[in-house]
Number of protein chains: 2
Amino acid sequence: MKELSVESGTIVPGGGLETDFLYIQLCEKIKGLIGNFTLKPGDKLPSIRSFSKEQGISISTVYKAYSELEVMGLIEARTKSGYYVKPKPRRLYPMAKALKELTDMGAISADEMPTEVYKNLAEENIIQLSLSAPAIGLLPKTKLNKTMAEMLRRSNDGGIGYDGIQGNELLRKEIARHSFNWGGCLTADDIVTTQGCVEALVFCLIAVTNPGDTVAIETPGFFRIVNVLKNLRLKIIKIPTDPETGPDLNYLRTVLPNIKACLFTPSFNNPLGSCMPDTHKKQLVDMLADHDIPLIEDDVFGECYFGKVRPRTCKSYDKKGLVLLCSSVSKTLAPGYRVGWCLPGKFIKEVIQIKITHSLASPGPTHATVGLFFKTGRLDLHLRKLRRSLSLQCLQYSQAITKYFPKDTQISKPNGGCFLWIRLNEAVDSNELFRKAMENKICIAPGSMLAADTCFINYIRLGIGNPFTRTIEDGLETLARLIKEMIAGKK
Amino acid sequence: MKELSVESGTIVPGGGLETDFLYIQLCEKIKGLIGNFTLKPGDKLPSIRSFSKEQGISISTVYKAYSELEVMGLIEARTKSGYYVKPKPRRLYPMAKALKELTDMGAISADEMPTEVYKNLAEENIIQLSLSAPAIGLLPKTKLNKTMAEMLRRSNDGGIGYDGIQGNELLRKEIARHSFNWGGCLTADDIVTTQGCVEALVFCLIAVTNPGDTVAIETPGFFRIVNVLKNLRLKIIKIPTDPETGPDLNYLRTVLPNIKACLFTPSFNNPLGSCMPDTHKKQLVDMLADHDIPLIEDDVFGECYFGKVRPRTCKSYDKKGLVLLCSSVSKTLAPGYRVGWCLPGKFIKEVIQIKITHSLASPGPTHATVGLFFKTGRLDLHLRKLRRSLSLQCLQYSQAITKYFPKDTQISKPNGGCFLWIRLNEAVDSNELFRKAMENKICIAPGSMLAADTCFINYIRLGIGNPFTRTIEDGLETLARLIKEMIAGKK
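Residues numbered from 1 in each chain as written. Chains lettered and ligands numbered in written order. Predicted model: local features only at pLDDT ≥ 70, side-chain atom pairs only at ≥ 80, totals over all residues. Heavy atoms only, no water.

Colleague: Any chance you could break down the pattern of salt bridges for me, citing the residues and the numbers?
Modeller: Pairing of side chains with opposite charge becomes possible as their charged atoms draw close. Residues and elements named next belong to chain A. Counted under the stated rule, the structure contains 35 salt bridges over all chains. With a shortest N-O distance of 2.8 Å, Arg-387 and Glu-303 are connected by a salt bridge. With Arg-387 in helix 13 (residues 378–404) and Glu-303 in the loop between strand 9 (295–298) and strand 10 (323–328), the pair connects residues that are 84 residues apart, well separated along the chain. Summarising the burial analysis for this pair, Arg-387 and Glu-303 share the class buried. (Salt bridge = Lys/Arg side-chain N within 4 Å of Asp/Glu carboxyl O. Helix = DSSP H or I, 4+ residues; strand = E, 2+ residues; numbered from the N terminus. Buried < 20%, exposed > 50% of the residue type's maximum accessible area, 1.4 Å probe, protein only.)

Colleague: Just give me the short version of the relation of the copies chain A and chain B, but keep the residues and values in it.
Modeller: Between the two copies, chain A and chain B, the superposition gives an RMSD of 0.4 Å; the rotation angle is 179° and the shift along the axis is 0.2 Å. These values place the two chain copies in the arrangement generated by a two-fold rotation axis. A shared interface surface links the copies, since 100% of the contact residues of chain A are contact residues in chain B too. (Least-squares fit on C-alpha atoms with pLDDT ≥ 70 in both. Contact = heavy atoms within 4.5 Å.)

Colleague: Pulling in residues and values, what's your account of helix 12 (residues 364–375) of chain A?
Modeller: All names here are of chain A. Taking 1.5 Å of rise per residue, twelve residues should cover 16 Å, and helix 12 covers 16 Å from first to last C-alpha, within 8% of that figure. Most of helix 12 sits out of view: eleven of its twelve residues are buried. The first or second residue beyond helix 12 is Gly-377, which carries a positive phi of 75°. (Expected span 1.5 Å × (residues − 1).)

Colleague: Got a sec to walk through helix 5 (residues 141–154) of chain A? Specific residues and values, please.
Modeller: Here helix 5 of chain A contains 14 residues, and its C-alpha end-to-end distance of 20 Å stays within 8% of the 20 Å for a straight helix at 1.5 Å per residue. Listing the buried residues of helix 5 of chain A in full gives Leu-144, Asn-145, Thr-147, Met-148, Glu-150, Met-151 and Leu-152 of chain A. As for helix 5 of chain A, its buried residues are in contact with helix 12 and helix 13 of chain A together with helix 5 (141–154) and helix 12 (364–375) of chain B.

Colleague: Quick one: what's the story with the pairing of strand 1 (residues 75–78) of chain B, residue by residue and with numbers?
Modeller: Residues and elements named next belong to chain B. Inspection of the sheet shows strand 1 paired to strand 2 (residues 82–85) by four bridges, in the antiparallel sense. Bridge pairing links Ile-75 to Val-85 in strand 2. Taking the residues that link successive antiparallel strands as the turn, the strand 1-strand 2 hairpin has three residues, and the phi of Lys-80 there is positive, at about 55°. (Pairing = 2+ DSSP bridges.)

Colleague: So, the packing of aromatic side chains: which residues are in play, and what are the values?
Modeller: Residue and element names in this part refer to chain A. Across all of its chains, the model carries 16 aromatic pairs over all chains by this definition. Between Phe-222 and Phe-223, the aromatic rings sit 6.2 Å apart at their centres with planes inclined by 75°, giving edge-to-face as the arrangement. Comparing Phe-222 with Phe-223, the two get one shared label, buried. Ring plane angle 55° and centroid distance 5.8 Å describe the contact between Trp-421 and Phe-456, whose orientation is recorded as tilted. Taken together, the residues Trp-421 in strand 13 (residues 419–423) and Phe-456 in the loop between helix 15 (447–451) and strand 16 (459–463) connect sequence positions 35 residues apart. In this pair, the class of Trp-421 matches that of Phe-456, namely buried. An aromatic cluster is defined as three or more aromatic residues linked by ring pairs; in this entry it consists of Phe-51, Tyr-66 and Tyr-83. In this structure, Arg-78 packs its charged tip against the face of Tyr-84, placed 3.9 Å from the ring centre. (Phe/Tyr/Trp six-rings, centres within 6.5 Å; stacked < 30°, edge-to-face > 60°. Lys NZ or Arg CZ within 6 Å of the ring centre and 35° of its normal.)

Colleague: So what about the nonpolar core? Which residues, and what values?
Modeller: Among the nonpolar cores identified, the biggest contains 249 residues, and Phe-405 of chain A together with Phe-405 and Leu-479 of chain B are the most heavily contacted of them. Once you skip the residues sitting within four places of it in the chain, Phe-405 of chain A turns out to touch Ile-422, Leu-424, Ile-460, Leu-462, Leu-476, Leu-479, Ala-480, Ile-483 and Lys-484 of chain A. (Core = buried A, V, L, I, M, F, W, Y, C linked by side-chain atoms within 4.5 Å.)

Colleague: Could you give an account of the sheet that holds strand 13 of chain A, naming the residues involved and the relevant values?
Modeller: Residues and elements named next belong to chain A. Spatial ordering of the open sheet is given by 12-13-16-15, a layout of four strands whose pairing is antiparallel. Whereas interior strands pair on both sides, the edge strands pair on one side only; in this sheet they are strand 12 (410–411) and strand 15 (445–446). Bridge count between strand 15 and strand 16: two bridges; the pairing is antiparallel. Paired with Ala-445 across the two strands is Arg-461, which belongs to strand 16. Its contacts with the sheet place helix 13 against strand 12, strand 13 and strand 16, and it is angled at close to 20° to strand 13. (Axes fitted to C-alpha atoms, helices over the stretch in contact; angles between N-to-C directions.)

Colleague: Account for the environment of Asn-466 of chain A, with residues named and values stated.
Modeller: Residue and element names in this part refer to chain A. With respect to the helices and strands, Asn-466 occurs in the loop between strand 16 and helix 16 (470–490). Judged by its relative accessible area of 25%, Asn-466 falls in the partly exposed class. Beyond its immediate chain neighbours, meaning those up to four positions away, Asn-466 contacts Gln-128, Ala-135, Gln-393, Tyr-397 and Ile-472.

Colleague: Describe the interface of chain A and chain B, and please don't skip the residues or the numbers.
Modeller: Many structure descriptions define interface size as the accessible area lost when the parts assemble. With 69 residues of chain A in contact, the opposing surface of chain B contributes 69 residues. Around 5700 Å² of area is buried between chain A and chain B when both sides are counted, 60% of it from carbon and sulfur atoms. On the chain A side of the contact with chain B, Ile-160, Tyr-162 and Arg-233 of chain A bury the most area, a combined 16% of that side's loss. The interface formed by chain A and chain B includes zero salt bridges. Linking chain A with chain B are 22 residue pairs in polar contact (both at pLDDT 80 or more), by the criterion used here. Taken together, the elements giving at least two residues each to the side of chain A that touches chain B come down to helix 4 (113–118), helix 5, helix 7 (196–208), helix 8 (223–231), helix 11 (348–358) and helix 12 of chain A. Tallied by class, residues from the side of chain A that touches chain B come to 35 nonpolar, 21 polar and 13 charged. (Buried area = accessible area lost by both parts, 1.4 Å probe. Polar contact = N/O pair within 3.5 Å; in protein donor to acceptor, adjacent residues only side chain to side chain. Nonpolar A, V, L, I, M, F, W, Y, C, P; charged D, E, K, R; others polar.)

Colleague: I'd like a description of the sheet that holds strand 13 (residues 419–423) of chain B, backed by residues and values.
Modeller: Within a beta sheet, neighbouring strands are joined by backbone hydrogen bonds and run either parallel or antiparallel to one another. Spatial ordering of the open sheet is given by 12-13-16-15 (chain B), a layout of four strands whose pairing is antiparallel. This sheet does not close on itself; its edge strands, each paired only once, are strand 12 (410–411) and strand 15 (445–446) of chain B.

Colleague: I'd like to hear about a positive patch on the surface, residue by residue, with values.
Modeller: Residue and element names in this part refer to chain A. On the surface, Lys-80, Lys-143, Lys-146, Arg-384, Lys-385 and Arg-388 cluster together to form a positively charged patch. At the level of elements, helix 5 and helix 13 are the ones that each hand at least two residues to the positive patch. Structurally, Arg-384 can be placed in helix 13. (Patch = residues over 30% accessible without salt bridge, like charges linked within 9 Å, V, L, I, M, F, W, Y side chains within 5 Å. Areas by Shrake-Rupley, 256 points an atom, 1.4 Å probe, with all protein chains shown as cover. Lys, Arg positive; Asp, Glu negative; His and termini not counted. Charge placed at Lys NZ, Arg CZ, Asp CG, Glu CD.)

Colleague: So, the packing of helix 7 (residues 196–208) of chain B against helix 8 (residues 223–231) of chain B: which residues are in play, and what are the values?
Modeller: Residues and elements named next belong to chain B. It is at 11 Å that the axes of helix 7 and helix 8 come closest, and there the two elements cross at 40°. Viewed along their axes, helix 7 and helix 8 adopt a mutual orientation that is oblique. Between helix 7 and helix 8 lies a crossing whose hand is right-handed. On helix 8, the residues touching Val-198, Leu-201, Val-202 and Leu-205 of helix 7 are Arg-224, Ile-225, Val-228 and Leu-229. Considering only residue class, the contact of helix 7 with helix 8 consists of seven nonpolar, no polar and one charged. (Parallel < 35°, antiparallel > 145°, perpendicular 65-115°, else oblique. Left-handed = near helix turned anticlockwise from the far one by under 90°.)

Colleague: Any details on the pairing of strand 11 (residues 339–343) of chain B? Residues and values, ideally.
Modeller: All names here are of chain B. Of all five residues making up strand 11, five are buried, and the element is well covered by its neighbours. Side chains Val-339, Trp-341 and Leu-343 project from strand 11 onto one buried face, and the interleaved Gly-340 and Cys-342 project onto a second face that is buried too. Sheet topology places strand 10 (residues 323–328) next to strand 11; four bridges connect them, and they run antiparallel. For Cys-326, the partnering residue across the bridge sits in strand 11 and is Cys-342.

Colleague: I'd like a rundown of unusual backbone geometry, residues and numbers included.
Modeller: Cis geometry marks the peptide bond from Asn-270 of chain A to Pro-271 of chain A, where omega comes out at 25°. With respect to the helices and strands, Pro-271 of chain A occurs in the loop between strand 8 (261–264) and helix 10 (278–290). Residues other than glycine seldom take positive phi values, yet Arg-233 of chain B does so here, at roughly 60°. If you trace the backbone, Arg-233 of chain B turns up in the loop between helix 8 and strand 6 (235–242). Not every positive phi belongs to a glycine, and Lys-441 of chain B is a case in point at roughly 60°. Here Lys-441 of chain B shows up in the loop between helix 14 (430–439) and strand 14 (442–443).

Right, dumping it as structure tokens:
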């Protein structure tokens, strides 16, 4: 973030001018700086007091100018932090609504793209834009390492022995306590720990389906789940999903007789970033309850919201125990720990039996460390900081894409999560773009991999988990050049 | 272990007696002490030097007596450790050969027994005889905790970030290095890490089968795999398995046209403890190679051998990349860490893709810790100690069962592993015995759960991972009483 320097503007101190004119002049000046990208989204403006002092303008004039800019939607006040530049909404291209006519509605992609995309996961000299997780630098590395050392001192056996079947008790108690934030009312006994969120999803799927059953999923949606369903020999029905309101519930209603379960990401669909409105969440839960169909709720991004309050979960509307909520710390605390859990509602006995079969117990040391970290109250403070960073980065990436990418690019406007979903010119094959980008040491997630549907071939997902640096900006500029070359080549 | 005290025998020091008579007298005395259980299997005898000094007998007389007892099979010399009491082989009842006519050959048990058996996994005031893993006390807890602290200091991020897709590189290098012990010739690139051995088995099964395929497994055999196969919607064919030589290869040959893969535990079948002779291993690999059928080799107990050399693996005979070896540190180092791996041969690309789908990466801190532990050379020393303890405990448990259980009990004679497989009188329902034992705070694994076959209803598996203490002996005595009551009740 860069502070507005005195040199970057040439504010004329109020002399003969009326205060009214002065504040308008100040407004126009700052507008100009935002317009020519001298001030970028996320940049912090000087505090009212210091700006007033530096420029010799009264505090009330600066305040009036800032308020005016806030009303215009150009800047925003953040509690206890000051004023920041907002992106200009008119410069962001709206994302197209979900295509009602999806090609190949039941098709499953079986290509090897995920292996190519993720084979360099731990490599350092690559601009990593394929991940949907925050960068390590945003995570409380030192505090977690200290907590692990503390766990080793406190624990009886350092996690060498088998943990209880349902998982680390302290961790489960803390998850139950935190569930209060999203409307939950749980105890440790309602929770089963797992290896990350995907193992939770797998256990829940096995618990509620039989061979050959059909599961409804969002499209576009979490791409790995398509392969999970394939591996579990389940069929899928794809539900068109809107970039703002999530899955099309009217469409879902028409296929209810054919499905055994739903697996949705109601808060911050990956890759769309859409968050279902509360009314939709309630409607979804009620509709499924009427037909006794379980809903597996992937809530892994639930804590990564950019707004003021945590979105409610579908689970909080669940009266019949039919919602199985799954989550993890992979997007908030430690992706590499693989600590996840599920709240399987009335299917808890089945899920426990499946856990005994597949993993017997969760890894002790990492689960105990997360439990202890939650307990010491370090989580809430960390999450507040993390959300601010992700929200800021999301703006910065959006603005850079708007600046460098071709004019017909469409960008999602997520209210949470760690990624942007980007629609490119139809001439662009995102698999080809992925390969060209890799030659330039830039790793992106191509649309066909994410949505397992050929109609998303000209889409890409860009992770916004890394702080926005010069290197990232250069990477996006290079990506823009590659895209333009591909479009020009196709003409 | 208890030392033979001077009080426990009344050896008359050599006065007027001839040396020859004296050594015979000494022999008879010690035989008597073994016979009346004053000296139990595994008890250490005094050293030749100290015994000679204490009793005023010449060293050569003591040596002659000990040698005589060794020839008689009553005691054994262990390198650099001294002389120990052996179990009397004639008191061990031989295990019946595998039943050729298994009931219900394709049936899968779906009962809830595993949940009941494992729900108290981490509870401390239960005599835990249901597990097939060494007790925590036999594991290098302090050294592992130190290694984890060292890992935290050395590592860039303490394992918070995603590990590479194939898993921790140091760990894979060390696994490759250790594979030399069983005839392997591998590099780190041949290995994929997993969450324990079962996740490795699951990944391999998904890699080599399609929905509805049939997999051959041993019976009795690793019980959790039956549920895994069910969850993966695979069919099974059970291969009768001999307590000494393992799966019946002639029987297997007859079903080859019907199967897509084999999943066996060639070294120390759980629960039988049988180790296939090398000739059988080679024959199995060759037979399957002729039909291009993959063999998933569960080698999780491979390092828990009681003999002088590590059993070879089927993988070491594999020329076509058709053997997928799976293992973990759960039986040797840290059950609670859930660190496993597989060597998927020519299916490595498929396994990596499946890992990306199901877990993306392995938990960083535990995997890095095990890699570091292997590297520091602490493993070999630890394994030597562990094998001695398990072998001793196996003898001690066997002897106690022989002492307390009814005369018609049959006990397996494993050459490795962490368990005994016990055939009880046909009047005994092991599920009922499990429940009665739990009322007495003793946890056992009933046969029907383990073998998923009603013909094993009167069998139980007893874990020998806990050091043989007075409490354990009391537990076995109580178990024996319950068994006798059940038999009496049925008459």
